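Okay, here's what each chain looks like letter by letter:
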Amino acid sequence: MLTEDKAGEIFGRVRRFASADEVEVLFYSTSNALTRFANNVIHQNMAEENVVVSVRTAFGQRTARATTNKLDEQSLRRVVEASEKLARVQHADEDLLPMFGESKAAGEGARPTRYFATTAAITAEDRAAMVEKIVGIAKKNSLTTAGIVSSSEAVEGIFNSRGLAEWHAQTSSEISITMLAGDSSGWQKANSPDVGQLDGVKLAEIAAEKARRSAGPREIAAGKYTVILEPAAVLDMVGFMFYDFGGLAVLDQRSFLNNRVGTQIFGENVDIWDDVAHPLQSGAEFDGEGVRRQKVQLVEKGVVKRLVYARASAERMKNSEYKDKVGPIAATGHGFSLPNEMGEAPMNIVFGAPASPQTLEQMIASTERGILVTRLWYIREVDPYEKLLTGMTRDGTFLVENGKIQGGILNFRFNESLIHLLSNVEAMGSLVRASGEESFDMVVPAMKVREFNFTEVTKF
């Protein structure tokens with residue numbers, strides 16, 4: 001793995017090779033490994049290591065980036081030359097600011113550890129041992145299982161000619177399990193920087209129970225139902241709205257928050273933060289320009305309070321026609337590396353903890369008639385401004401009647417607005433770090449929602 005000292009030495013060489021007014025280098029070094037299994041056997045083991053050096057140069061307000069994964073002298077010279085040649089022929093960007101020149105503020109409080117030696121030390125034998133346990137649970141329940149057990153360690157850093165030097169190290173571990181029966185299935189997935197937080201056996205047992213309990217699914221009519229969404233289902237839906245919380249999205253008129261900041265569009269029980277320091281979150285404490293990420297409350301009691309900003313979009317917003325309509329305007333440390341067309345987005349979403357969290361069992365017990373949804377998939381946006389989404393349920397969809405699960409049902413296609421969804425939340429569970437397939441990991445609760453719109457019944 002690339003070390004911070006080695007990255008600093010490479011940056012020194014890059015800077016000597018450069019003739020540009022300003023130079024920035026992003027470093028990424030990763031070591032990834034996974035074990036994939038299907039039909040109750042391991043069928044793939046892979047491991048990959050890579051180092052990326054990404055050089056951005058600027059001549060006044062012309063900037064460009066070039067990237068290499070070779071660290072020898074000749075390759076570093078070439079990547080600097082490529083970046084400078086590209087920068088010289090760019091149109092001047094009137095919004096481009098000088099590179100950021102401040103590192104971590106003195107005395108800033110400690111952040112949660114994101115690097116765990118136990119995670120970094122996971123071997124192929126360790127992953128195989130976990131798969132063996134998962135397969136054992138599948139066989140015990142006369143099921144077939146498939147999935148992935150993976151682990152990784154990564155570092156990223158940013159150095160520039162204004163003295164910025166930021167560095168972040170992190171590990172990650174993940175388990176994804178699908179249990180298959182003749183006409184039903186169950187699924188569970190979890191991810192954490194600390195492998196000690198993952199219980200693969202428990203995940204496998206839950207997935208197996210879902211496959212068993214949803215066997216022989218019956219068909220019920222589409223329509224509007226009270227729905228109990230497990231955290232993965234919540235995650236994969238709400239993830240479609242957070243790129244709209246960037247200042248540039250509003251400036252470009254591509255956000256569903258245009259003309260809605262400062263107004264209540266969700267229920268009063270909905271609070272949403274972006275908080276990289278939350279103990280269940282992960283990721284670097286700085287953005288793509290090296291600006292420290294701030295904790296930002298995006299939604300308070302259903303009211304959209306503010307947006308997040310990269311430095312340039314904050315300056316643009318201050319001089320725009322929207323400046324008096326979007327709440328506080330300041331760089332918040334949420335920008336992507338430059339140049340880019342997206343601007344910024346909150347990537348460490350944390351929902352507010354409910355005052356009286358309910359377990360899934362309590363939500364089920366209080367439901368006269370509804371649907372329990374394990375996960376959603378193949379989600380697509382239908383109406384960007386109303387945030388109308390369509391997609392399907394999968395891997396454990398159950399009918400709830402008279403406070404009890406009555407059995408599995410055929411899956412549904414849904415058409416549902418996120419605005420409508422988050423305005424009709426009747427109950428929420430405790431916060432968990434959730435993993436899905438359609439969005440990045442977030443800290444969210446399970447939700448019980450009224451009048452969720454199922455439009456069609458599937459054949460499986």
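Residues numbered from 1 in each chain as written. Predicted model: local features only at pLDDT ≥ 70, side-chain atom pairs only at ≥ 80, totals over all residues. Heavy atoms only, no water.

Remarks on the pairing of strand 12 (residues 369-383)
In terms of strand pairing, strand 7 (residues 223-229) meets strand 12 through four bridges, oriented parallel. Residue pairing for strand 12: Val227 is matched across the bridge by Ile371. Hairpin connection of strand 12 to strand 13 (residues 388-401): four residues between the antiparallel strands, including Lys387 at a positive phi of 50 degrees. (Pairing = 2+ DSSP bridges. Helix = DSSP H or I, 4+ residues; strand = E, 2+ residues; numbered from the N terminus.)

Quick look at the packing of helix 4 (residues 124-140) against helix 5 (residues 200-213)
Taken N-terminus to C-terminus, the directions of helix 4 and helix 5 make an angle of 25 degrees; their axes are 9 Å apart at the nearest point. In this view, helix 4 runs roughly parallel relative to helix 5, as classed from their interaxial angle. Between helix 4 and helix 5 lies a crossing whose hand is right-handed. Residues Met130, Lys133, Ile134 and Ile137 of helix 4 form the contact with helix 5, whose participating residues are Gly200, Val201, Ala204, Glu205 and Ala208. Per-class residue counts for the contact of helix 4 with helix 5 are six nonpolar, one polar and two charged. (Axes fitted to C-alpha atoms, helices over the stretch in contact; angles between N-to-C directions. Parallel < 35°, antiparallel > 145°, perpendicular 65-115°, else oblique. Left-handed = near helix turned anticlockwise from the far one by under 90°. Contact = heavy atoms within 4.5 Å. Nonpolar A, V, L, I, M, F, W, Y, C, P; charged D, E, K, R; others polar.)

Here we look at the packing of aromatic side chains
Counted according to the given criterion, the structure contains 11 aromatic pairs. Aromatic pair Phe27 and Phe159: ring centres 5.6 Å apart, planes at 90 degrees, arrangement edge-to-face. A residue pair is termed long-range when its members are at least 10 positions apart, and Phe27 in strand 1 (residues 22-38) and Phe159 in strand 4 (residues 144-160) qualify at 132 residues. Relative to Trp167, the ring of Phe159 has its centre 6.3 Å away and its plane inclined at 65 degrees; by these criteria the two rings are edge-to-face. (Phe/Tyr/Trp six-rings, centres within 6.5 Å; stacked < 30°, edge-to-face > 60°.)

Things to note about the side chain of Ser29
Looking at the element boundaries, Ser29 is found in strand 1. Among the polar contacts listed, one links the side chain of Ser29 to the backbone nitrogen of Leu2, at a separation of 3.1 Å. (Polar contact = N/O pair within 3.5 Å; in protein donor to acceptor, adjacent residues only side chain to side chain.)

Looking at the sheet that holds strand 6 (residues 185-192)
Read across the sheet, six strands follow the order 3-2-1-4-5-6 without closing on themselves; strand pairing throughout is antiparallel. Unpaired on one side and paired on the other, strand 3 (62-68) and strand 6 mark the two borders of the sheet. Neighbouring strand axes in the sheet, compared pairwise and without regard to direction, differ in orientation by 15 degrees on average. Strands in contact with helix 2 (residues 73-88) are strand 2 (41-59) and strand 3; relative to strand 3, the strand with the most contacts, it is inclined by about 150 degrees.

A few points about the pattern of salt bridges
The final tally for this structure, using the stated rule, is 26 salt bridges. For Arg13, the salt bridge is made with Glu73, and the minimal N-O distance between the two is 2.9 Å. In this pair, Arg13 sits in helix 1 (residues 4-17) while Glu73 sits in helix 2, placing the two residues 60 residues apart along the sequence. Relative accessible area serves as the criterion here: at 9%, Arg13 is assigned to the buried category. Judged by its relative accessible area of 36%, Glu73 falls in the partly exposed class. (Salt bridge = Lys/Arg side-chain N within 4 Å of Asp/Glu carboxyl O. Buried < 20%, exposed > 50% of the residue type's maximum accessible area, 1.4 Å probe, protein only.)

Section: the pairing of strand 14 (residues 404-408)
Note: strand 13 against strand 14, four bridges, orientation antiparallel. In the strand pairing of strand 14, Leu399 is matched with Gly407. Between strand 13 and strand 14, which pair antiparallel one after the other, the connecting turn spans two residues, and Asn402 there sits at a positive phi close to 50 degrees.

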